[in-house]
Amino acid sequence: MTELQSAAVVFAPLFAIFGVCFIVFHQHISDAARRAYKDQGRRIGPQT
């Protein structure tokens, strides 16, 4: 197995887990960002 294949075996599952967590917790992350922006007095638009 080459170095590239070894790295892929290690990092592919990590990226997959990160992607699943991002999908699952997307709304929570978005709500937290909106609260932080509001607390800082920054404009909160529909795409924030």
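Each remark here, short or long, concerns the structure printed above.
Let us look at the structure shown here. Residue numbers run consecutively from 1 along every chain, following the written order of its sequence. For this predicted model, a pLDDT threshold of at least 70 governs which residues receive local features, and a threshold of 80 or more governs which side-chain atom pairs are given and counted, while totals over whole chains, interfaces and linings are taken from all residues. To obtain the side-chain values, all non-hydrogen atoms of the structure were used and water was disregarded.

Think of it this way: any DSSP run of H or I at least four residues long counts as a helix, any run of E at least two long counts as a strand, and we number them from the N terminus. Along its length, the protein carries one helix and zero strands. Overall, the protein is about 55 × 20 × 15 Å in size when its C-alpha atoms are taken along their principal axes. With a 1.4 Å probe rolled over the protein chains alone, any residue whose accessible area is under 20% of its type maximum counts as buried; one over 50% counts as exposed, and the rest are partly exposed. Scored against the burial criterion, the 48 residues of the protein give a buried share of 4%. Only the protein chains shown count as cover for residues, with accessible areas throughout obtained via the Shrake-Rupley method and a probe of 1.4 Å. With the model as given, the accessible surface of the protein reaches about 4,400 Å², and the carbon-plus-sulfur share is 67%.

Looking now at helix H1 (residues 3-39). Between the first and last C-alpha of H1 there are merely 47 Å, a value that for 37 residues lags more than 12% behind the 54 Å anticipated at 1.5 Å per step. A bend of about 65 degrees at Phe25 is the largest found in H1. Looking one or two places after H1, you find Gly41, whose phi comes out positive at around 80 degrees. An expected span of 1.5 Å times one less than the residue number is assigned to each helix. The bend at a residue is defined as the angle formed between two axes, one fitted to the seven residues ending at that residue and one fitted to the seven starting there.

Another aspect to go through is the packing of aromatic side chains. Stacked, tilted and edge-to-face are the three classes assigned to paired rings of Phe, Tyr and Trp, where Trp is represented by its six-membered ring and a pair needs centres within 6.5 Å; plane angles under 30 degrees give stacked, over 60 edge-to-face, the rest tilted. Across all of its chains, the model carries one aromatic pair by this definition. Above the ring of Tyr37, the side-chain terminus of Arg42 is found at 4.1 Å from the ring centroid. Geometrically, a lysine NZ or arginine CZ counts as sitting over a ring once it is within 6 Å of the ring centre and also within 35 degrees of the ring normal.

A separate point is the environment of Phe18. Locating Phe18 in the fold gives a position in helix H1. As a C-alpha pair, Phe18 and Leu4 span 14 residues in sequence and 20 Å in three-dimensional space.

Glancing now at a nonpolar patch on the surface. Together, Phe18, Val20, Phe22, Ile23, Val24, Phe25 and Ile29 line one region of the surface with nonpolar side chains, adding up to about 740 Å² of accessible area. If you trace the backbone, Ile23 turns up in helix H1. When its relative accessible area of 65% is taken as the criterion, Ile23 is described as exposed. Each patch is assembled from residues with relative accessible area greater than 30% and no salt bridge, linking like charges that lie within 9 Å and nonpolar side chains (Val, Leu, Ile, Met, Phe, Trp, Tyr) that lie within 5 Å. Between Lys or Arg on one side and Asp or Glu on the other, a salt bridge is scored when a side-chain nitrogen of the former is within 4 Å of a carboxyl oxygen of the latter.

Nothing here speaks to function; it is geometry throughout.
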